[in-house]
Amino acid sequence: MKYIIFLLGLGAVLFFFFASSSDNTNQPQRQDINIENEKSMEASGIPFSEHIFFQPLQEPIFHLHGLGYPNNQGALFLATHHGLKVFYNGQWLETRGNNHDYMGFQATADGFYTSGHPEEGTELANPIGLMKSEDLGETLEKVSFYGESDFHHLSAGYFTQSIYVVNTVPNSQIETGLYYSTDGGTSWENSRLEGLPLTSAHSIATHPRLAKTVGISTPEGLYLSHNKGNSFSLVSEEIPVGAVFIKEESILYVVEDGNNRMLLEQPLESDDTKEIPLPSLKEDESILYLAVSPINEEEISFSTDKGNVWTTTNYGNSWSNILVEGNVP
C-alpha cells in the first residue's frame, strides 16, 4: 500500500510530542456541537452552466491532492496541482482563475479550507498557509500561517468550526505536530497523540459535527480520538487502513493489505463492519482520497494513485469511472 507520508514525516513529530499524561474524556460527546456556530444544513443550488468562474475542462487532470463536496451541494470538487476541477451533472469543469497548487483540501458546508502554493503570476505569498473560500474558490480568505506553512494534511468539521492540521515544519505560531482549532483557525492547540503508534499514516478525518472527534489511518489500523487528538484508540482490526471518511454515525475506511482491498463502513460505537462493493482496480492501485455527498449518503467518490476517480450513487451497487488515468472518458 502506498501511504501518503505524514507520520514518518510525522514519525519524528510523534516521537517528540508524545505526552505521558492521560485524558479520560476519550468518549463521544454530543455536546461537542456548537449550535451557535454550526454551519447551514440547507443544500445550496449552484448554476454552474451560468457561473462565469467556471469553464469546460481543458486539459487532463494530474496531481490530485484531495476531493470533496463543498458548500453542501452535489458537485464533486477535486483539488489539484493546477487549481480546482469539478464534476457536476455528468460534466467536467474547471476554474478560470486561482489555479493554485492546492496541496491540502477539506470541503465544508460553507466552502472549503486549503493550503499549498500559489500559481505563477499571482501576488500571494509562497506558501499560502491555511486559506478558506466560501464562493467555490473564486476568492480566498487568509485564515492562519500565511506565507509560513504548507499543510498537506488537514481536516475540518463539515458543520463546525473545528480544523486539524499536521505541521511538519515549525512556524512563528506553532511547532511540529498535530494542531487543532475549534474557532475556525483563530487559536490553536497541540494534540498529545497518546495511543497513536509511531508509524507512517495515510490520512486524517474529522467528524462533521463533533469537534473533538478525529481519526487517523495507519498501517496498523484506524485510530480514533474523541478528545481533540489528545488520546487515540484502535477502532479497527490491526490491518493497514488507507483513506478514511467520518460520517454522522459511522466511519468509512479502506483496507488495503497486499492485493486485498475493501471499503468498510463501521458504526462509531460498534466493532461491526459492513463491506461496500468496490469496482475492479489494478492490483497495484491504491485509493488515496474518499468523500461522501452531504445530500446523498449513498453517493461515494474516491480517487486513486493511478489518476482514476470513481463514484457511486447507490452505495456501491454500481460505479462510474468518471476520470480514467487523468482523462475524461
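Rules used in this analysis
- Residues numbered from 1 in each chain as written.
- Predicted model: local features only at pLDDT ≥ 70, side-chain atom pairs only at ≥ 80, totals over all residues.
- Heavy atoms only, no water.
- Helix = DSSP H or I, 4+ residues; strand = E, 2+ residues; numbered from the N terminus.
- Buried < 20%, exposed > 50% of the residue type's maximum accessible area, 1.4 Å probe, protein only.
- Contact = heavy atoms within 4.5 Å.
- Areas by Shrake-Rupley, 256 points an atom, 1.4 Å probe, with all protein chains shown as cover.
- Phe/Tyr/Trp six-rings, centres within 6.5 Å; stacked < 30°, edge-to-face > 60°.
- 1 Å grid on protein atoms, 1.4 Å probe; cavity = no way out; pocket = protein on both sides within 12 Å on 5 of 7 lines; lining within 4 Å.
- Points joined across faces, edges and corners; volume = space filled by probe spheres on them.
- Nonpolar A, V, L, I, M, F, W, Y, C, P; charged D, E, K, R; others polar.
- Core = buried A, V, L, I, M, F, W, Y, C linked by side-chain atoms within 4.5 Å.
- Salt bridge = Lys/Arg side-chain N within 4 Å of Asp/Glu carboxyl O.
- Pairing = 2+ DSSP bridges.
- pLDDT = per-residue confidence, 0-100.
- Axes fitted to C-alpha atoms, helices over the stretch in contact; angles between N-to-C directions.

1. Quick word on the overall build of the protein chain
Within the protein chain, the regular secondary structure consists of 1 helix and 25 strands. Counting the 329 residues in the protein chain, one finds 57% classified as buried. In the protein chain, the proportion of contacts linking residues at least 24 apart, taken out of those at least 6 apart, comes to 50%. Accessible area of the protein chain: about 14000 Å², with a carbon and sulfur share of 46%.

2. Quick look at the packing of aromatic side chains
Within the structure shown, the criterion is met by 10 aromatic pairs. Aromatic pair Phe-54 and Phe-77: ring centres 6.3 Å apart, planes at 90 degrees, arrangement edge-to-face. Here Phe-77 lies in strand S3 (residues 76-80) and Phe-54 lies in strand S1 (residues 54-56), a separation of 23 residues in the sequence. Across the pair, exposure class does not vary: Phe-54 and Phe-77 are buried alike. Taking 5.1 Å as the distance between ring centres and 40 degrees as the angle between the ring planes, the aromatic pair formed by Phe-105 and Phe-112 counts as tilted.

3. Describing the layout of surface pockets
Considering only enclosed or pocket space, the largest pocket measures out at about 700 Å³ in volume. Taken together, 42 residues line the largest pocket, and the ones lying closest to its centre are Gln-106, Phe-245, Ile-246, Leu-290 and Ala-291. Elements represented by at least two residues in the lining of the largest pocket include exactly strand S2 (64-68), strand S6 (101-108), strand S10 (154-156), strand S14 (204-206), strand S18 (241-246) and strand S22 (287-292). Of the residues belonging to the lining of the largest pocket, the class tally is 24 nonpolar, 14 polar and 4 charged. Here the second largest pocket defines a volume of roughly 320 Å³. Lining the second largest pocket are 19 residues, and of these His-63, Leu-64, His-65, Leu-288 and Tyr-289 lie nearest its centre. Of all the elements in the fold, those that place two or more residues in the lining of the second largest pocket are S2, S22 and strand S23 (300-304).

4. A look at the environment of Leu-193
For Leu-193, the location among the structural elements is in the loop between strand S13 (189-190) and S14. For the pair Leu-193 and Gly-229, spaced 36 residues apart in sequence, the C-alpha separation works out to 5.6 Å.

5. Remarks on the nonpolar core
If you look at the biggest cluster of nonpolar residues, it comprises 18 residues, and the most contacted ones within it are Phe-48, Phe-54, Phe-77, Leu-84, Val-86, Phe-105 and Leu-136. At the level of elements, S3, strand S4 (83-88) and S6 are the ones that each hand at least two residues to this core. Looking at which element gives the most residues to this core, the answer is S6, with 3 residues. If we ignore the near neighbours within four places in the chain, the residues touching Phe-77 are Phe-48, Phe-54, Gly-66, Leu-67, Gly-68, Pro-70, Leu-84, Lys-85, Val-86, Phe-105 and Leu-136. Core analysis: the next-biggest nonpolar cluster, separate from the first, contains 15 residues, Tyr-69, Leu-76, Tyr-289 and Ala-291 among them.

6. Description of the pattern of salt bridges
On inspection of all chains with the given rule, the structure shows 10 salt bridges. As a salt-bridge pair, Lys-85 and Glu-94 come within 3.2 Å of each other at their nearest N and O atoms. Accessibility assignment for this pair places Lys-85 and Glu-94 in one class, buried. Between Glu-194 and Arg-192 there is a salt bridge, with the nearest N and O atoms lying 3.2 Å from each other. Ionic contacts of the salt-bridge type, sharing partners, join the residues Asp-110, Lys-132 and Glu-134 into one network.

7. Details of the environment of Tyr-102
Looking at the element boundaries, Tyr-102 is found in strand S6. What makes Tyr-102 buried here is its relative accessible area of 0%. Distance from Tyr-102 to Gly-116, taken between C-alpha atoms, is 4.8 Å for residues 14 residues apart in sequence. Among all residues touching Tyr-102, those that are not within four sequence positions of it are His-65, Ala-79, Thr-80, Gly-83, Leu-84, Thr-114, Ser-115 and Leu-140.

8. Quick word on the sheet that holds S14
Each strand in a sheet pairs with another by means of backbone hydrogen bonds, the pair being arranged parallel or else antiparallel. Pairing in this open sheet of 4 strands is antiparallel, and the strands run S14-S15-S16-S17 from one edge to the other. Looking at strand neighbours, the two that pair on one side only are S14 and strand S17 (233-234), the edges of this open sheet. Across 3 bridges, the pairing between S14 and strand S15 (residues 214-218) is antiparallel. Its bridge partner lying in S15, Thr-206 is registered against Val-214.

9. Structural notes on the confidence of the model for the protein chain
Summarising the model, the protein chain shows a mean pLDDT of 88, and 86% of its residues fall at 70 or more. Low confidence marks residues 3-37, where pLDDT is under 50. Its contacts with residues over four positions away, or in another chain, come to 87 contacts.

10. Considerations on the sheet that holds S22
Reading across from one edge, S22-S23-S24-S25 is the order of the 4 strands in this open sheet, with antiparallel pairing throughout. In this open sheet, the two strands that pair with only one neighbour each are S22 and strand S25 (320-323). Neighbour-to-neighbour, the strand axes of the sheet open up by a mean angle of 25 degrees, direction not taken into account. Sheet topology note: the strand S24 (residues 309-312)/S25 ladder contains 3 bridges and is antiparallel.

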